[in-house]
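Structural overview for review
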Amino acid sequence: MTRELDGKIAFVTGSGRGLGRMMAQKLAEAGADIVLHDLSWEATAKYGEAANLGEVVETFRQMGVRAMGVTGNIGDKDAVARMKAEIEQELGEVEILVNCAGGDIGAAGGKPNPNNALDISLEDIQTLTNNNLIGTMLVTQAFVPPMVRAGRGSVINIASAAAHLGCSPEVVYSTLKAAVVHYTRCLAKELYEQGVRINAVSPGPTKTARFQATRVVDPAKMDSGARSFNRYAEPEEIGDAVAFLASPRAKFINGQVLRVDGGLTLFPG
Ligand SMILES: NC(=O)c1ccc[n+]([C@@H]2O[C@H](COP(=O)([O-])OP(=O)(O)OC[C@H]3O[C@@H](n4cnc5c(N)ncnc54)[C@H](O)[C@@H]3O)[C@@H](O)[C@H]2O)c1
């Protein structure tokens, strides 16, 4: 049986764990070959989700798709160039790019503290900017030109519900995610006639291992079977949105932001 992403190569940054891994899984279930990525081979183990990136790659191979792993800091241009060369040598040119790596993780490896506008340290501002905005831009600059040459491709940038609301704390993170949303629109404008679609997904708070390890979780919002939409998302609910935007079913959807948050950020426009 032919699946809708058979023969396509998808690169999901930050897919060694958390939401990125689930997005990669959904793309693989649709038939795509997958490039798994993380900061290091061990980063997948930080919240207990896998021993290392190699173990994650193996689970994808067992799904019957081609899969490989690459590691490196997305905010480091040389590392991005090296990863691109490794991918093209082993699998070929990427046709689906999901810029997922990021998060509200500061220089010391946890949430910045303080994390408000007036007190957050310059070091944390720079780390957050590197992880959430510069990295997305560098990976895009490296991987989108071959898509333009081929006249086809799909990029999905992962923003956040926090991009659409005034937030404090998490001020810098929210600001950077808002920038990711606007970058999505500007890039879609730049490539409007080139056959490459650029969209964003803004997840609401989602039950990843990191999410649960780095904050006080509200037990009332944990039940995904609840009737109420005032709950945390399941990673699968975000992964399904990404797989849809990557698919031919979304072939005329371009420059859009899909907010997958149960209605948390309701506003017109
Ligand atoms: N979980 C949520 O509630 C939620 C909500 C909205 C948006 N998001 C966004 O979804 C994405 C994934 O979040 P998650 O909850 O799965 O977190 P996570 O920490 O489990 O996953 C993030 C991944 O990105 C990698 N990463 C971060 N900075 C990197 C860098 N500079 N270079 C290479 N890799 C880097 C991490 O190592 C990790 O694998 C993030 O962009 C986050 O901001 C998450």
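Here's a quick rundown of the structure. (Residues numbered from 1 in each chain as written. Predicted model: local features only at pLDDT ≥ 70, side-chain atom pairs only at ≥ 80, totals over all residues. Heavy atoms only, no water.)

1. Side note on the side chain of T206
Mapped onto the elements of the fold, T206 is located in the loop between β6 (196-203) and α6 (209-213). A residue is classified by how much of its surface remains accessible, and T206, at 5% relative accessible area, is buried. Separated by 2.6 Å, the side chain of T206 and the backbone oxygen of G204 make a polar contact. When sequence neighbours within four positions are dropped, the list of residues in contact with T206 reads L19, F211, A233, E234, P235 and I238. (Helix = DSSP H or I, 4+ residues; strand = E, 2+ residues; numbered from the N terminus. Buried < 20%, exposed > 50% of the residue type's maximum accessible area, 1.4 Å probe, protein only. Polar contact = N/O pair within 3.5 Å; in protein donor to acceptor, adjacent residues only side chain to side chain. Contact = heavy atoms within 4.5 Å.)

2. Looking at helix α7 (residues 235-246)
Compared with an ideal rise of 1.5 Å per residue, which puts 12 residues at 16 Å, α7 spans 17 Å between its outermost C-alpha atoms and is within 8% of the ideal. Along α7, the residues classified as buried are P235, I238, G239, A241, V242, A243, L245 and A246. Residues of α7 that are buried in the fold lie against α1 (18-29), β4 (96-99), β5 (153-158), β6 and β7 (257-260). (Expected span 1.5 Å × (residues − 1).)

3. Brief notes about unusual backbone geometry
A cis amide bond links N113 to the next residue, P114, at an omega of 5 degrees. With respect to the element layout, P114 can be found in the loop between β4 and α4 (122-150). Residue P169 follows S168 across a cis peptide bond; omega there is 5 degrees. Structurally, P169 is set in the loop between β5 and α5 (171-190). With a phi angle near 65 degrees, E170 is a residue other than glycine that sits in the positive phi range.

4. A closer look at α1
For α1, built from 12 residues, the straight-helix expectation of 16 Å at 1.5 Å per residue is met to within 8% by its first-to-last C-alpha distance of 17 Å. Of all 12 residues in α1, 9 are buried, a share of seventy percent or more. Buried residues of α1: G18, L19, G20, M22, M23, A24, K26, L27 and A28, and no others.

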